Amino acid sequence: MNVDEPTLEAGEPSSPRVAADDMGLQADFIMALRFFSRLPTGNAPHQAPNLGRIAMALPLASVAIGIGPALLLIGGALIGLPSYFAAALAVAAMVIVSGAMAEDALADAADGLFGGHSIERCLEIMKDSRHGTYGVAALCLFILLRVTALGAVAAINPLAAGAIWLAASIVGRSGALWVAVALPPARRDGAAATAGQLPARNFAVGAVFALLLLFLLAGPATSIVALLAALLLAVAVMAGWTALCRRLVGGQTGDLIGALGALAEIAMLVGLLPFV
């Protein structure tokens, strides 16, 4: 998948009138899975993505996306695999399940934002599927940070490592949608523009669900202080990234949303790990 813009699955977009059977949490859950992963979702007709619907179902979809890699991390460490090797296997599994969306988006965003000297050039670079120096460096650092963070925790407590990672990925993915609330699409022909600007109310509903899952999953392995510290750090990253996108390209794209998901996940891990 070229995540210059999150590519839609094959199939004709739905008409503006959506049947009642195509609405509801189950349909929104499937839409979120199709937008953010490569997990099988059955043969139901594909609908044009709608960020308002995706946002509210995304925390549950993130559980489905992340549970397999998290269990692989836990299981690998428990059966005696070296913790960093188990972490590398789990991260590889996440890359496969998610279609490398966050990785590709982060690389494209780094190339575009830091390699262009005008809005038009930044957007042109991001749309190019090839990766340059900034993109490769960002991609390598993201994978390295993920593996070392998870491996370090798994060496002490495999269950905590899996739970914290799953919680961080849920909050990161949902939090990344803030860019679609705060900024308009930077171009008219991308998937982000097709999905529309996200209403703040829909984002808030999804964010509340994501926070509940964060407390349920990461709370037992850390503390309230750790959760608050991680959230403050993630919010700071979200605010900073939004301001950077506004200044450099005047809006948001699928790459910028996906990149923020990766950055917010790392921010959550940075905030949680000292308290494990």
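Please read all numbers here as calculations on a predicted model, not as lab measurements.

Caption draft 1: Structural detail: the packing of helix 2 (residues 51–78) against helix 7 (residues 158–176). Following both chains from N to C, one finds helix 2 and helix 7 inclined at 155°, their axes separated by 8 Å at the closest point. With respect to their mutual orientation, helix 2 and helix 7 come out roughly antiparallel. Judged by the sense of rotation from one axis to the other, the crossing of helix 2 with helix 7 is right-handed. Along the lines of polarity and charge, the residues of the contact of helix 2 with helix 7 split into 17 nonpolar, four polar and one charged.

Caption draft 2: Quick look at a nonpolar patch on the surface. A cluster of nonpolar side chains, contributed by L211, F215, I224 and L228, occupies part of the molecular surface with about 340 Å² of accessible area. If you list the elements that add at least two residues to the nonpolar patch, you get helix 10 (200–218) and helix 11 (224–248). Within the element layout of this structure, F215 appears in helix 10.

Caption draft 3: Geometry of unusual backbone geometry. Here the phi dihedral of A100 falls at roughly 55°; this positive angle occurs in a residue that is not glycine. Here A100 is to be found in the loop between helix 3 (83–98) and helix 4 (101–115).

Caption draft 4: Quick peek at the pattern of salt bridges. Tallied over the entire structure, the rule returns five salt bridges. The salt bridge involving R146 is made with E103; its shortest N-O contact spans 2.8 Å. Taken together, the residues span a long stretch of sequence, with R146 in helix 6 (residues 133–156) and E103 in helix 4 at a distance of 43 residues. When its relative accessible area of 3% is taken as the criterion, R146 is described as buried. Judged by its relative accessible area of 4%, E103 falls in the buried class. Residue D128 is joined to R130 by a salt bridge in which the shortest nitrogen-to-oxygen separation is 2.7 Å. Here the salt bridges do not stand alone but share partners, grouping E103, R146 and E265 into one network.

Basis of the calculations
Residues numbered from 1 in each chain as written. Predicted model: local features only at pLDDT ≥ 70, side-chain atom pairs only at ≥ 80, totals over all residues. Heavy atoms only, no water. Axes fitted to C-alpha atoms, helices over the stretch in contact; angles between N-to-C directions. Helix = DSSP H or I, 4+ residues; strand = E, 2+ residues; numbered from the N terminus. Parallel < 35°, antiparallel > 145°, perpendicular 65-115°, else oblique. Left-handed = near helix turned anticlockwise from the far one by under 90°. Nonpolar A, V, L, I, M, F, W, Y, C, P; charged D, E, K, R; others polar. Patch = residues over 30% accessible without salt bridge, like charges linked within 9 Å, V, L, I, M, F, W, Y side chains within 5 Å. Areas by Shrake-Rupley, 256 points an atom, 1.4 Å probe, with all protein chains shown as cover. Salt bridge = Lys/Arg side-chain N within 4 Å of Asp/Glu carboxyl O. Buried < 20%, exposed > 50% of the residue type's maximum accessible area, 1.4 Å probe, protein only.

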